[in-house]
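An overview of the molecular structure
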Amino acid sequence: MAFRRSLVRRAVVPAAAAFTAVAVLSACGGGSGHADSPSDSSPSAASSSTAAAGSTGAGTRGGRNAQDVSFAQGMIPHHRQAVAMAALAPARAKSARVKDLAGKIERAQDPEITTMSGWLKAWGETVPDEHGASGAGSMPGMHHSGSSMPGMMSDDDMAELKDLAGARFDKAFLDMMIAHHQGAVAMARTEQTRGSYGPARKMAESIVESQSAEITRMRKLLGEQ
């Protein structure tokens, strides 16, 4: 966020003749000089501006801002659900390529969950709880069946996926995972735009690239169903 700084300047208006104006200006120069003093940009003034921004969530703390915290707290349960979906594939999928894709999703997202959890702990922020068979995380005021996070599956969706096998599982898995990935890409793009923490922005870039490629791959697999 950009900070605006008001510079208040007092104008000295000459009363009459030119020599009087010169005298007035000379007197001001010999005085306290508050009008043109650099005190408005002093360290204490800058500190006050930073503190005010931080209190509204606009500033950064240790290189992070509120968006970085939101990204990690949202992406952890999002990734957990993707991992839970992928874990169903070895026993239920018919296509070897679907099984291979699921394995890659699990191997990519598990370490990212660990990394983001580490950030939150280091920042003194809440790490979403693990709960439920769907693998979604618990956050205050949020439940994955009615989550505000894009692409999240409901409890019913997850239950349906668990009941399927063979080609029916493959199709449902691909349909759901495409939507899930699209949600993750949207969240990651928000982090790229609004986040300030370098590692989080780098992870967001990786998510956009890798999951966009996987969406293309899954659409191709669906076309072969």
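That block above? That's the structure.
An account of the accompanying structure is given in this report. Keep in mind the model is a prediction, meaning the values are calculated, not measured.

One pass over the structure, following the stated rule, counts four aromatic pairs. Aromatic side chains Trp119 and Trp123 sit 6.2 Å apart centroid to centroid with 20° between the ring planes, which places their arrangement in the stacked category. Of this pair, Trp119 and Trp123 both sit in helix H5 (residues 96-123), four residues apart, which is roughly one turn of that helix. Assessed through its relative accessible area of 10%, Trp119 is described here as buried. On the basis of relative accessible area, Trp123 is assigned to the buried category, the value being 13%. Ring geometry for Phe169 against Phe173: centres 5.7 Å apart, planes inclined by 20°, an arrangement best described as stacked.

Time to look at a negative patch on the surface. Taken together, Asp155, Asp156, Glu160 and Asp163 make up a surface patch of like negative charges. Its place among the elements puts Asp156 in helix H6 (residues 155-163). Residue class for Asp156 comes out exposed when judged on its relative accessible area of 64%.

Rules of the game
- Residues numbered from 1 in each chain as written.
- Predicted model: local features only at pLDDT ≥ 70, side-chain atom pairs only at ≥ 80, totals over all residues.
- Heavy atoms only, no water.
- Phe/Tyr/Trp six-rings, centres within 6.5 Å; stacked < 30°, edge-to-face > 60°.
- Helix = DSSP H or I, 4+ residues; strand = E, 2+ residues; numbered from the N terminus.
- Buried < 20%, exposed > 50% of the residue type's maximum accessible area, 1.4 Å probe, protein only.
- Patch = residues over 30% accessible without salt bridge, like charges linked within 9 Å, V, L, I, M, F, W, Y side chains within 5 Å.
- Areas by Shrake-Rupley, 256 points an atom, 1.4 Å probe, with all protein chains shown as cover.
- Salt bridge = Lys/Arg side-chain N within 4 Å of Asp/Glu carboxyl O.
- Lys, Arg positive; Asp, Glu negative; His and termini not counted.
- Charge placed at Lys NZ, Arg CZ, Asp CG, Glu CD.

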